[in-house]
Amino acid sequence: MPLDRYGVLVGTVRRHFRDRPDTQGRWFHVNIEVSAPLGVHRCAVDVDSKQSATGVRWRAFTIAPGALGPPVHLAAGFHELARDRDSGSLDYYRHPALVEGEGSWVSGTNLDAARALEPLLTPARRVLIFGEPFDEGLGVHNIHQNQGDPYGSQWWDENGIWQDGATLTERPDGGFDVFVSRFSTQSDRTDEEGHPVPSDLRPAGRSLPR
């Protein structure tokens with residue numbers, strides 16, 4: 001089954017910070033504090049893996065005003081979204097604005113990924129963060145691709161289409177700067193259940209904090 005819950009948090013950027021490095025000097029997330037009516041939400045964006053064999057890939061690009069659809073008009077706060085093309089949900093491989101976005105997937109270090117995201121996070125900018133809300137407290141996680149996890153991984157059952165995570169900040173012209181990310185073990189070709197297409201069904205492991 002797909003994620004238990006999915007939607008978009010609308011608010012303004014308060015500040016951002018990286019997780020403290022572990023004993024090997026790696027950061028796992030860029031944390032974004034978002035101000036919304038219920039309070040400050042902490043949004044954790046994965047920028048690296050605990051295991052060096054599993055990397056993160058990302059794209060940073062701009063979409064035009066009107067390309068995002070219904071979420072642009074939502075009030076501040078968290079909004080549940082139906083997993084379909086009409087609700088404003090995101091799918092990296094099915095949403096026209098993401099498919100047509102400029103730039104190819106980039107691989108690099110955790111610092112490279114953080115540096116690609118952080119310039120978008122100017123305080124007081126309106127932000128839309130797509131993902132799964134925390135079970136407890138205010139915040140969002142799974143702010144990355146949520147489909148294409150390999151058969152045999154612990155996230156196979158969470159695969160689904162129209163439930164991908166992303167960070168988007170609004171520009172003065174009404175367009176959005178976009179940051180999307182995915183893990184190197186995830187397929188970029190999926191079926192209607194979000195599973196890798198048969199030619200990509202290769203067992204693989206991924207051990208990451210979600």
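Remember, it's a predicted structure, so these values are computed and weren't measured experimentally.

K.L.:
Looking at this model, I keep getting lost on helix α2 (residues 110-117). Mind explaining?
P.N.:
Spacing of three or four residues puts side chains on the same side of an α-helix, whose turn is 3.6 residues. Among the residues of α2, those classed as buried are Asn110, Ala113, Ala114 and Leu117. Take α2 and look down its axis: the buried residues cluster within an arc of 100°, on one side only.

K.L.:
Looking at this model, I keep getting lost on the pattern of salt bridges. Mind explaining?
P.N.:
Should their charged atoms come close, side chains of opposite charge can pair. Under the definition given, this model contains eleven salt bridges. With a shortest N-O distance of 3.0 Å, Arg15 and Glu33 are connected by a salt bridge. Here Glu33 lies in strand β2 (residues 29-36) and Arg15 lies in strand β1 (residues 7-18), a separation of 18 residues in the sequence. Taking the relative accessible area as the measure of exposure, Arg15 reaches 42% and is therefore partly exposed. A salt bridge links Arg125 to Asp177; the nearest nitrogen and oxygen atoms lie 2.9 Å apart. Linking Arg125 in the loop between α2 and β7 (126-133) with Asp177 in strand β10 (residues 176-183), this pair joins segments that are 52 residues apart in sequence. The burial state of Arg125 is the same as that of Asp177; both residues are buried.

K.L.:
So what exactly am I meant to see when it comes to the packing of aromatic side chains here?
P.N.:
Note on aromatic pairs: each is described by the distance of the centres and the angle between the planes. For the structure shown, the criterion picks out three aromatic pairs. With a centroid separation of 5.8 Å and 45° between ring planes, the pair formed by Tyr92 and Trp105 is classed as tilted. Placement of Tyr92 in the loop between β5 (77-80) and α1 (96-99) and of Trp105 in the loop between α1 and β6 (106-107) is noted, with a sequence separation of 13 residues between them. By relative accessible area, Tyr92 is classed as buried at 4%. Since its relative accessible area comes to 24%, Trp105 is described here as partly exposed. A centroid spacing of 5.3 Å and a plane angle of 90° characterise the contact between Tyr151 and Trp156, whose relative ring orientation is edge-to-face. Since its relative accessible area comes to 19%, Trp156 is described here as buried. Within the aromatic cluster, the residues linked to one another by ring pairs are Tyr92, Tyr93 and Trp105.

K.L.:
It is not clear to me how the side chain of Asn142 should be interpreted in this structure. Could you clarify?
P.N.:
Mapped onto the elements, Asn142 comes out in the loop between β8 (139-141) and β9 (166-170). Overall, the relative accessible area of 2% leaves Asn142 in the buried class. A polar side-chain atom of Asn142 sits 2.7 Å from a polar atom in the side chain of Glu132.

K.L.:
Any chance you could explain the pairing of β2 here in plain terms?
P.N.:
For a regular strand, the rule is simple: side chains alternate between the two faces of the sheet. Counting buried residues in β2 gives seven out of eight residues, a clear majority hidden from the surface. Bridge count between β1 and β2: six bridges; the pairing is antiparallel. Opposite Phe17, over in β2, you have Asn31 as the bridge partner. By the bridge criterion, eight bridges tie β2 to strand β3 (residues 39-46) in an arrangement that is antiparallel. Bridge assignment links Asn31 to a residue of β3, and that residue is Ala44.

K.L.:
Would you mind going over the confidence of the model for the protein chain with me for this structure?
P.N.:
On average, residues of the protein chain score 89 in pLDDT, and 88% of them reach the 70 mark or higher. For residues 204-210, every residue scores under 50 in pLDDT, and the model assigns this stretch 32 contacts once sequence neighbours within four places are set aside.

K.L.:
I tried to follow the side chain of His41 on my own but got confused; where do I start?
P.N.:
Relative to the helices and strands, His41 resides in strand β3. Setting aside anything within four residues of it in sequence, one finds His41 in contact with Leu9, Ile32, Glu33, Val34, Ala36, Leu138 and Gly139.

K.L.:
How should unusual backbone geometry be read in this particular structure?
P.N.:
Leave glycine aside and you will find that most residues have negative phi; peptide bonds, for their part, are mostly trans. One non-glycine residue, Asn142, adopts positive backbone phi at about 55°. In this structure, Trp162 is a non-glycine residue whose phi angle is positive, near 55°.

Criteria and thresholds
- Throughout this description, residue numbers start from 1 for each chain and increase along the sequence as written.
- Under the rules for a predicted model, residues below a pLDDT of 70 receive no local features and side-chain atom pairs below 80 are neither given nor counted, while totals for whole chains, interfaces and linings still include all residues.
- With hydrogens and water excluded, all non-hydrogen atoms of the structure serve as input to the side-chain values.
- Working definition: with a 1.4 Å probe on protein chains only, accessible area under 20% of the residue-type maximum means buried, over 50% means exposed, and in between means partly exposed.
- Only DSSP runs of H or I covering at least 4 residues are called helices, and only runs of E covering at least 2 are called strands; the numbering of each starts at the N terminus.
- Our arc is simply the arc of the directions from the helix axis toward the C-beta atoms.
- By convention in these notes, a salt bridge is any Lys or Arg side-chain nitrogen within 4 Å of a carboxyl oxygen on Asp or Glu.
- For this analysis, a ring pair means two rings from Phe, Tyr or Trp (six-membered ring only for Trp) whose centres lie within 6.5 Å, classed as stacked if their planes differ by under 30 degrees, edge-to-face if by over 60, and tilted for the remaining angles.
- Pairs of N or O atoms are called polar contacts if they sit within 3.5 Å, as long as, within protein, a hydrogen donor faces a hydrogen acceptor (for residues adjacent in sequence, only side-chain-to-side-chain pairs).
- Note on pairing: DSSP must find at least two bridges between two strands before they are called paired.
- Each residue carries a pLDDT score, the predictor's own confidence in it, on a scale running from 0 to 100.
- Whether two residues are in contact is decided by their heavy atoms, any of which lying within 4.5 Å being enough.

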